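What follows is the residue order along each chain.
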Amino acid sequence: MKFMKIGTRPDIFYTEEATSRTVISDIPSDIVIKINNISYFLHKLQFPLLPRCGLLQRLCADSTDSSIVTIELHDIPGGGEAFELCAKFCYGITINLSAHNFVSAFCAAKFLQMNEVVEKGNFALKLDTFFNSCILEGWKDSIVTLQTTAKLIEWSENYGIIRRCIDSIVEKVLTPPSKVSWSYTYTRPGFSKHQQSVPRDWWTEDISDLDIHLFRYVITAIRSTFMLQPQLIGEALHVYALRWLPDTTKIRSLAESSVSQTDETIEKQKRILETIVSMIPGDRGSVSVSFLLRLLSFGNFLGASSLIKTELTKRACLQLEEATVNDLVFPSHSSSDQHFYDVELVLAVLESFLVQWRRQSPAPTDNNELKKSIRKVAKLIDSYLQVIARDANMPVSKLVTLVEALPDVARKSHDDLYKAINIYLKEHPDMSKADKKDVCRILDCQKLSPEVRAHAIKNERLPLRTVVQILFFEQEKGSRPPENKMPLQELIRRKHTPSPEDDLAKLELGPNEQSRGAEGTRKTAAPQSSIVIDEQRTKKPDKKIMRGEIDEAGSEKGREFREQGNSGTKVDTKKIIPKGSARER
């Protein structure tokens, strides 16, 4: 930071009362300057105050030399502090000028008409020289000066301070990194200024200190040159958002925010969000999908306009393939949602992606690139499902809606989907039978790998209907070699008899799943011709209940399976579940 010192005399201004400032002198004051609540008792001619201030000369033109003149200057830019700098210059008192007080001093000097027409070497000229030779030559000096114009925006625009500061900043931003020799702020992890070359985005952190309207001026000026890549503009927007917008991944709702959100603060943040969105370059990839999703989450948090959220959704869907699971994990900001994760945000982006995906070709499923694209997104969504499935308050409907949003062609395999369903069943042990059937009906056993099917057969969390479907597919489609094909009854029995070759640890289903897998598998083997209907019962079975459950598996399922079987295979459901031989635990 550069400074300029003017004057040699010691400071003779002092506060006489709470509302008055005067000068230590043997000569009584004959002019009173009132600025807001402060009165300055000064001298007209004994010290060169009037000779250097053209405005005061005109205001005192009708007064006599002996009379005391009172002048009100409530509208002087910079207030009393700026006027005092000008008065001290007239008295020859030492003052220190820098980028922090230049704007107020310069605007006040211009207001008081302390120019060369009134007197040679006047205050305005000295300030202008300091501005051109020191402030505009420095990087941080230009930014600090531009930032101080926020309090005197109209005066600064009229006197050309804003334009000249922006021109200086843009000129330095466009300088090749190899020629950057001035100090700058760059606090990225792992970066050392002494060991590495200057990064291309070295300037982004320093300009993020500006108010949003000044920041917009700078970014607009940089973009108008067409000399920087859109990704650098996007990075500057990203850094600014991190500087001024809160981290929504740590905030559940406005009521839970650790920082009190006043209406003024919320409106200011909305303006920042809208300005950032309006400045995002149209080039795809100019900003990351993670940044777009974060802005969308913040829009939901603030209650931004539907126009802003729609724009962000459209931009995010175009880059959804580049997203990771962590990019999708945001808390729900709706007070009506008891679940933690913002599933609606992900669903909105996914639906927008599917609209664009279908528009790219009349038959997108016949296009290998489009098929590859949607399968990548499906894998991302299935991984996201495994995360939200751990939420104890996540309703079945949210999970099913997100799964069914994707077409069948999107999932070549249902292994990841099975993992998500298994996690959901484990985290929601009190689910009703209807909900279990609802969440399991989205699973296609024909798209499960042999390892996953082996796990599912022994998975006691799955409904019986789903297990029987997998068992039937095992036998009908020959997942084992024909010469070793096992009877369906034996496959059903093995659901409750774990064997070393079907160890659950072979299938990775998430944290702690390997250790918990054995706990969920009963050790008692059932007779070869029976199915365990309800393992929680230990009393003598109720024939009516048993008959009803047998009918469900033996009639409805048997009829469904006979329709699915090939012409050379017959399945006798009475042999699968002989009447009177089934028992309950």
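Residues numbered from 1 in each chain as written. Predicted model: local features only at pLDDT ≥ 70, side-chain atom pairs only at ≥ 80, totals over all residues. Heavy atoms only, no water.

An unreviewed UniProt entry lists the chain under the name BTB/POZ domain-containing protein, with Tripterygium wilfordii given as the organism. On record in UniProt, under Pathway (unreviewed entry), the comment for the chain is "Protein modification; protein ubiquitination." Under the Sequence similarities (unreviewed entry) heading, UniProt states for the chain: "Belongs to the NPH3 family." (UniProt positions renumbered as here; feature names shortened; annotations may be inferred.)

1. Brief notes about the packing of helix α16 (residues 368–388) against helix α17 (residues 396–404)
Two numbers describe how α16 lies on α17: the axes approach to 11 Å, and their chain directions differ by 175°. The angle between α16 and α17 places the two elements in the roughly antiparallel class. On α17, the residues that touch Ile381, Tyr384, Leu385 and Ile388 of α16 are Leu399, Leu402 and Val403. (Axes fitted to C-alpha atoms, helices over the stretch in contact; angles between N-to-C directions. Helix = DSSP H or I, 4+ residues; strand = E, 2+ residues; numbered from the N terminus. Parallel < 35°, antiparallel > 145°, perpendicular 65-115°, else oblique. Contact = heavy atoms within 4.5 Å.)

2. Notes on the sheet that holds strand β2 (residues 13–17)
A sheet is described by the order of its strands in space; here 5 strands give the open sequence β2-β3-β5-β4-β6, paired in mixed fashion. Every other strand in the sheet has two partners, leaving β2 and β6 (69–72) as the edge strands with one partner each. The average undirected angle you get between the axes of adjacent strands in this sheet is 25°. Together, β2, β3 (20–23), β4 (31–35) and β5 (38–42) form the strand contacts of helix α2 (residues 79–91), whose direction differs from that of β5 by roughly 10°. (Pairing = 2+ DSSP bridges.)

3. Overview of the packing of helix α5 (residues 139–148) against helix α7 (residues 161–173)
Relative orientation of the contacting elements α5 and α7 amounts to 145°, with a least axis distance of 9 Å. Relative to α7, α5 is oriented so that their crossing is left-handed. From α5, Trp139, Ser142, Ile143, Thr145 and Leu146 reach across to α7, where they touch Ile161, Ile162, Cys165, Ile166, Ser168, Ile169, Lys172 and Val173. The class makeup of the residues in the contact of α5 with α7 is 9 nonpolar, 3 polar and 1 charged. (Left-handed = near helix turned anticlockwise from the far one by under 90°. Nonpolar A, V, L, I, M, F, W, Y, C, P; charged D, E, K, R; others polar.)

4. Looking at the nonpolar core
Leu42 and Phe123 are the most contacted members of the largest nonpolar core, which totals 159 residues. Here this core spans two domains, and each of domain 1 (4–135) and domain 2 (356–477) adds at least three residues to it. In contact with Leu42, not counting residues within four places along its chain, are Phe13, Val23, Ser29, Asp30, Ile31, Ile33, Leu49, Phe83, Ala87 and Tyr91. (Core = buried A, V, L, I, M, F, W, Y, C linked by side-chain atoms within 4.5 Å. Buried < 20%, exposed > 50% of the residue type's maximum accessible area, 1.4 Å probe, protein only. Domains from an automatic or database assignment.)

5. A short note on the packing of aromatic side chains
A full pass over the atoms with the stated rule returns 17 aromatic pairs. Look at Tyr186 and Phe191: their rings are 4.7 Å apart centre to centre, the planes differ by 70°, and that puts the pair in the edge-to-face class. Phe191 matches Tyr186 in its accessibility class, with the two residues each being buried. Members of the aromatic cluster, connected to one another through ring pairs, are Phe102, Phe106, Phe111, Phe131, Trp155 and Tyr159. Looking at Arg243, its charged tip hangs above the ring of Trp244, at a distance of 4.4 Å from the centre. (Phe/Tyr/Trp six-rings, centres within 6.5 Å; stacked < 30°, edge-to-face > 60°. Lys NZ or Arg CZ within 6 Å of the ring centre and 35° of its normal.)

6. Digging into the side chain of Glu205
As for its placement among the helices and strands, Glu205 is situated in helix α8 (residues 204–207). Side-chain polar atoms of Glu205 contact the side chain of Thr187, separated by 2.9 Å. Excluding residues that lie within four positions of it along the chain, Glu205 makes contacts with Thr185, Tyr186, Thr187, Arg188 and Val239. (Polar contact = N/O pair within 3.5 Å; in protein donor to acceptor, adjacent residues only side chain to side chain.)

7. Points about the confidence of the model for the chain
Predicted confidence across the chain gives a mean pLDDT of 82, with 77% of residues reaching 70 or more. Taken as a whole, residues 498–506 scores under 50 in pLDDT and shows 16 contacts with residues more than four places along the chain or in a different chain. Across residues 508–585, confidence stays below pLDDT 50; counting only partners more than four residues off in sequence or on other chains, it has 116 contacts. (pLDDT = per-residue confidence, 0-100.)

8. Regarding the pairing of β5
Here β3 runs beside β5; their pairing, made up of 3 bridges, is parallel. Pairing of Ser20 across the sheet is with Ser39, part of β5. Sheet topology note: the β4/β5 ladder contains 5 bridges and is antiparallel. Within β5, the position partnered with Ile35 by the bridge is Ile38. The loop that links β4 with its antiparallel partner β5 comprises 2 residues; one of these, Asn36, has a positive phi angle of about 55°.

9. Overview of the pattern of salt bridges
One pass over the structure, following the stated rule, counts 19 salt bridges. Of the charged contacts, one joins Asp128 and Arg164 as a salt bridge, the two residues approaching to 3.3 Å between their closest N and O atoms. Of the two residues, Asp128 sits in helix α4 (residues 123–135) while Arg164 sits in helix α7, which places them 36 residues apart along the sequence. Residue Glu474 is joined to Arg453 by a salt bridge in which the shortest nitrogen-to-oxygen separation is 2.5 Å. Taken together, the positions of Glu474 in helix α21 (residues 464–476) and Arg453 in helix α20 (residues 450–457) put the pair 21 residues apart, joining distant regions of the chain. Across this residue pair, the class does not change: Glu474 and Arg453 are buried. Linked through salt bridges whose partners overlap, the residues forming this network are Asp11, Arg21, Glu84 and Lys88. (Salt bridge = Lys/Arg side-chain N within 4 Å of Asp/Glu carboxyl O.)

10. Looking at the environment of Leu242
By secondary structure assignment, the location of Leu242 is in helix α10 (residues 230–244). Exposure remark for Leu242: the relative accessible area of 48% places this residue in the partly exposed category. Taking the C-alpha atoms as reference points, Leu242 and Ser208, 34 residues apart in sequence, are found 9.2 Å from one another.

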